[in-house]
Protein chains: 2
Amino acid sequence: MSNKKTAVVLLSGGMDSSLCIAEAIEAGFTPATMHLNYGQKTETRELKSFHDISDYYGIEKRLVSDVSYLTQIGGSSLTDDAVDIEKADLDSKEIPSSYVPFRNGNILAIAAAWAEIIGAEALYIGAVEADSSGYPDCRRSFFDAFEEAVNLGTKPETNLKIITPIINLSKAEIVKRGTGLKLPFELTWSCYSDSEKACGVCDSCALRLRGFSEAGVVDPLEYKVRPKYD
Amino acid sequence: MSNKKTAVVLLSGGMDSSLCIAEAIEAGFTPATMHLNYGQKTETRELKSFHDISDYYGIEKRLVSDVSYLTQIGGSSLTDDAVDIEKADLDSKEIPSSYVPFRNGNILAIAAAWAEIIGAEALYIGAVEADSSGYPDCRRSFFDAFEEAVNLGTKPETNLKIITPIINLSKAEIVKRGTGLKLPFELTWSCYSDSEKACGVCDSCALRLRGFSEAGVVDPLEYKVRPKYD
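Trainee: Help me out: how do you make sense of helix H1 (residues 15-26) of chain A in this one?
Mentor: The α-helix winds at 3.6 residues per turn, so residues separated by three or four positions along the chain end up facing the same way. Residue and element names in this part refer to chain A. For H1, spanning 12 residues, the distance from its first C-alpha to its last is 17 Å, which sits close to the expected 16 Å at 1.5 Å a residue. Where burial is concerned, most of H1 is hidden: 10 out of the 12 residues are buried. All of the buried residues along H1 are Met15, Asp16, Ser17, Ser18, Leu19, Cys20, Ile21, Ala22, Glu23 and Ala24. Tucked into the core, H1 has its buried residues touching strand S1 (6-10), strand S2 (30-37), helix H2 (43-56), strand S4 (122-124), helix H6 (171-180) and helix H7 (203-215). Immediately beyond the C-terminal end of H1, within one or two residues, lies glycine 28, with a positive phi of roughly 95°.

Trainee: How should the relation of the copies chain A and chain B be read in this particular structure?
Mentor: One copy of the chain maps onto the second through a rotation around an axis plus a translation along that axis. Superposition record for chain A on chain B: RMSD 0.0 Å, screw rotation 180°, translation along axis 0.0 Å. Between the two chains, the operation in question is that of a two-fold axis. Both copies present the same face, since 100% of the interface residues in chain A are matched by interface residues at the equivalent positions in chain B.

Trainee: Help me understand the interface of chain A and chain B in this model?
Mentor: Often, the extent of an interface is quoted as the loss of accessible area upon association of its parts. Facing the 36 residues of chain A at the interface are 36 residues of chain B. Only strand S3 (62-66), helix H3 (69-73), helix H4 (103-118) and helix H5 (140-153) of chain A provide two or more residues apiece to the side of chain A that touches chain B. If you tally residues by element for the side of chain A that touches chain B, the top one is H4 of chain A, at 10 residues. Residues of the side of chain A that touches chain B, tallied by class, amount to 20 nonpolar, 10 polar and six charged.

Trainee: What am I meant to see in the environment of threonine 44 of chain B here?
Mentor: Residues and elements named next belong to chain B. Within the fold, threonine 44 resides in helix H2 (residues 43-56). Under the C-beta neighbour-count criterion, threonine 44 is labelled exposed, with 10 such atoms within 10 Å. For the pair threonine 44 and serine 195, spaced 151 residues apart in sequence, the C-alpha to C-alpha distance is 7.9 Å.

Trainee: Sorry, what's going on with the environment of arginine 177 of chain A here?
Mentor: All names here are of chain A. Relative to the helices and strands, arginine 177 resides in helix H6. Look at arginine 177 and you get partly exposed, because 17 C-beta atoms sit within 10 Å. For the pair arginine 177 and leucine 19, spaced 158 residues apart in sequence, the C-alpha to C-alpha distance is 8.1 Å. Excluding anything up to four places from it in sequence, arginine 177 contacts Leu19 and Leu169.

Trainee: How do you make sense of the packing of H4 of chain A against helix H4 (residues 103-118) of chain B when you look at a structure like this?
Mentor: Helices that pack against each other are described as a pair by the angle of their axes relative to one another and the distance between those axes. Packing of H4 of chain A against H4 of chain B leaves a shortest axis separation of 9 Å and a crossing angle of 170°. One element, H4 of chain A, and the other, H4 of chain B, form an angle in the roughly antiparallel class. For the pair formed by H4 of chain A and H4 of chain B, the contact residues are Gly105, Asn106, Ala109, Ile110, Ala112 and Ala113 of chain A on the first element and Gly105, Asn106, Ala109, Ile110, Ala112 and Ala113 of chain B on the second. Classifying every residue of the contact of H4 of chain A with H4 of chain B gives eight nonpolar, four polar and no charged.

Trainee: Sorry, what's going on with the sheet that holds strand S5 (residues 161-163) of chain A here?
Mentor: Adjacent strands of a sheet form backbone hydrogen bonds with each other and so pair up, either parallel or antiparallel. Residues and elements named next belong to chain A. Pairing in this open sheet of five strands is parallel, and the strands run S3-S2-S1-S4-S5 from one edge to the other. Pairing within the sheet leaves two strands with one partner each, and these edge strands are S3 and S5. Strand-to-strand twist in this sheet, taken as the mean axis angle between neighbours without regard to direction, amounts to 25°. In this sheet, S4 lies alongside S1 in parallel orientation, the contact comprising three bridges.

Trainee: Help me understand the environment of glycine 180 of chain A, please; the structure alone is not making it clear to me.
Mentor: All names here are of chain A. By secondary structure assignment, the location of glycine 180 is in helix H6. For glycine 180, a count of 9 C-beta atoms within 10 Å gives the class exposed. A C-alpha to C-alpha distance of 29 Å links glycine 180 and threonine 44, two positions 136 residues apart in sequence.

Trainee: Just to check I follow, could you spell out the pairing of strand S3 (residues 62-66) of chain B for this structure?
Mentor: A regular strand places its side chains on the two faces of the sheet in alternate fashion. Residue and element names in this part refer to chain B. Bridge count for strand S2 (residues 30-37) against S3 is five bridges, and the pairing is parallel. Note on S3: the bridge partner recorded for leucine 36 is serine 65. Viewed along the sheet, the connection from S2 through H2 into S3 turns out right-handed.

Trainee: Can you help me understand the packing of H6 of chain A against H7 of chain A in this one?
Mentor: All names here are of chain A. At a minimum axis distance of 7 Å, the contact between H6 and H7 shows a crossing angle of 65°. Considering the angle they form, H6 stands roughly perpendicular to H7. Helix-helix and strand crossings are classified by hand; for H6 and H7 the assignment is right-handed. Touching Lys171, Ala172, Ile174, Val175 and Lys176 of H6 are Leu207, Arg208, Arg210, Gly211, Phe212, Glu214 and Ala215, all from H7.

Trainee: Hey, could you run me through the sheet that holds S3 of chain B in this one?
Mentor: All names here are of chain B. Pairing is parallel across the open sheet formed by five strands, whose spatial order is S3-S2-S1-S4-S5. The outermost strands of the open sheet, each flanked by one partner alone, are S3 and strand S5 (161-163). Sheet twist, expressed as the mean angle between neighbouring strand axes with direction ignored, is 25°.

The rules behind each value
- Residues numbered from 1 in each chain as written.
- Chains lettered and ligands numbered in written order.
- Predicted model: local features only at pLDDT ≥ 70, side-chain atom pairs only at ≥ 80, totals over all residues.
- Helix = DSSP H or I, 4+ residues; strand = E, 2+ residues; numbered from the N terminus.
- Expected span 1.5 Å × (residues − 1).
- Buried ≥ 20, exposed ≤ 12 C-beta atoms within 10 Å, placed from the backbone.
- Contact = placed C-beta atoms within 7 Å.
- Least-squares fit on C-alpha atoms with pLDDT ≥ 70 in both.
- Nonpolar A, V, L, I, M, F, W, Y, C, P; charged D, E, K, R; others polar.
- Axes fitted to C-alpha atoms, helices over the stretch in contact; angles between N-to-C directions.
- Parallel < 35°, antiparallel > 145°, perpendicular 65-115°, else oblique.
- Pairing = 2+ DSSP bridges.
- Right-handed = clockwise from strand over helix to strand, strands pointing away.
- Left-handed = near helix turned anticlockwise from the far one by under 90°.

Structure, rendered in structure tokens:
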């Protein structure tokens, strides 16, 4: 293990970021996992998934950071109790209210700092451009620009690649790829709204369930409501 | 005031960032000031300067954010109690131990999120490339790359200019410009080490005192030790 290069993997606990660990291992890296608490409603549940999945993959280096300044800045249903979680409208082209301004920019900035400290050479983030909710900071053009900014703004010996292995995958393709790599879907958590059983109706649950349905795979998680997607 | 465009000004409480408020006003913006606590040794003293200076300029919108995850990531004498503050060596070409990995990247990411929420069109940061301590994230090439990343990673209607009005100034030129704009130097704080009287010997004090000396202006702050720079 010690000769392998290190990759920081951003791990929310959802299935997209979990697949990134498997992809980093496939690519020959030793993953170091990083999780961010930012006052999201399901913070504790996501943290449990972070550790369950990190344990499953035998990850030694882990960092959990509190970035609750995002709550303070507000303006989003993910972090502001005054804004209700919207029910999913998967056909909408508008930026959803679960948008946190420049969230991936903030996440990547922290991850880049940690990557420099531990000497990592790659940074995996499970952003999905094609089948996501339209966040502007999920596009590869954004990651390319950010990668350049990171390499200009860190020490000369720091050279980080920002790797987005699933950016062009649909949720169904993520399910299929994860199934092939024996991803422990039962340990992951995607719901934005609930922490005991997944709600089944928030954007994130809806995208997940539709992806499983399209892949012809049964999601092993329990749901309060399990809408049908055909 | 209400027809003016808003500029987020990052205000540590030091004289460089304070000069940025004056420059933003000169350029026709209404400043909104943002301060970050990140577990630095002089956090309370810097926060006092932030409010004193914001009061002086009549700033209505202010945001103080805790970003102490930077302490947790560590690796720097500014945020890690285990690392002693180095005495200044102004001729050294090495990156000093007060380096916080990708600090400006992290700071700008937060500021960009707030700027989007309040509809600001500019973001002022008092980085100094020529006469600073050699931080890689103080170069204009970094800010250009980051500006592009911000505009790619935020909503289409967000269009932020990152303005670095003092990036090519020496500390002496900052003192002269600040004197011309009636900057309240007595309200600012630069020392990394002490909070009652400025120590006079840390990197930041040394750069400040040398700048005043070269400008032929007397620094109104009290110092424990006031080395001579000729």
